[in-house]
Amino acid sequence: MRISRGIAGTKIPLGARIFAAVDTFDAMTSDWPYRAALTIHAAREEIRRFSGVQFDPDIAAAFLSIDEAVWLDIRDRVHRDAIFDAETSRASHS
């Protein structure tokens, strides 16, 4: 794992190690102005590839133990909720 503020490995707080994997996964599976989103499968492969390098191997293993279909469902629900929230906000400001 990378060194953060002079600390490495399990000395990095657990929440930060979890956040690193989840935030990276979210960034990779989101559209950005400079590139299209990766598939969930491709993002999971990146987490696997960088386990023990960029990501805590135990966190990566736990993350990867969650079935890909679960991540697809979560992504779909988050996007639906975001669209609903945006539409509700627009309607209340009209």
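Predicted model only: the values in this text are computed from it and were never measured.

What counts and how
- Residues numbered from 1 in each chain as written.
- Predicted model: local features only at pLDDT ≥ 70, side-chain atom pairs only at ≥ 80, totals over all residues.
- Heavy atoms only, no water.
- Helix = DSSP H or I, 4+ residues; strand = E, 2+ residues; numbered from the N terminus.
- Rg over C-alpha atoms; globule rule 2.2 N^0.38 Å.
- Buried < 20%, exposed > 50% of the residue type's maximum accessible area, 1.4 Å probe, protein only.
- Phe/Tyr/Trp six-rings, centres within 6.5 Å; stacked < 30°, edge-to-face > 60°.
- Salt bridge = Lys/Arg side-chain N within 4 Å of Asp/Glu carboxyl O.

**Quick look at the overall build of the chain**
Helix and strand counts for the chain stand at 4 helices and 0 strands. Its helices and strands taken in sequence order, the chain reads α-α-α-α from the N to the C terminus. The globule rule puts the C-alpha radius of gyration for 94 residues at 12 Å, and the 16 Å found for the chain is more than 25% above it. Taking the principal axes of the C-alpha coordinates as reference, the chain spans close to 50 × 30 × 25 Å. A burial count over the chain gives 21% of its 94 residues as buried.

**A short note on the packing of aromatic side chains**
In this structure the tally under the stated criterion is 4 aromatic pairs. Ring centres 5.0 Å apart and planes at 70° place the aromatic pair Phe-25 and Phe-63 in the edge-to-face group. Here Phe-25, found in helix H1 (residues 14-28), pairs with Phe-63, found in helix H3 (residues 57-64); they are 38 residues apart in sequence, far enough to count as distant. Residues Phe-25 and Phe-63 agree in their burial class; the two are buried. When the centroid spacing of 4.6 Å and the interplanar angle of 25° are considered together, the rings of Phe-63 and Trp-71 count as stacked.

**Points about the pattern of salt bridges**
Across all of its chains, the model carries 6 salt bridges by this definition. Across the pair Glu-46 and Arg-49 runs a salt bridge, and its minimum N-O distance is 3.4 Å. In this pair, Glu-46 and Arg-49 are both assigned in helix H2 (residues 40-49), 3 residues apart and thus about one turn of the helix distant. Taking relative accessible area as the criterion, Glu-46 reaches 26% and is therefore assigned partly exposed. Its relative accessible area of 55% is what places Arg-49 among the exposed residues. Of the charged contacts in the structure, one is a salt bridge between Arg-77 and Asp-73, with a shortest N-O distance of 3.1 Å. With Arg-77 and Asp-73 both in helix H4 (residues 68-92), this residue pair falls 4 residues apart, about one helical turn. We classify Arg-77 as partly exposed; its relative accessible area is 40%.

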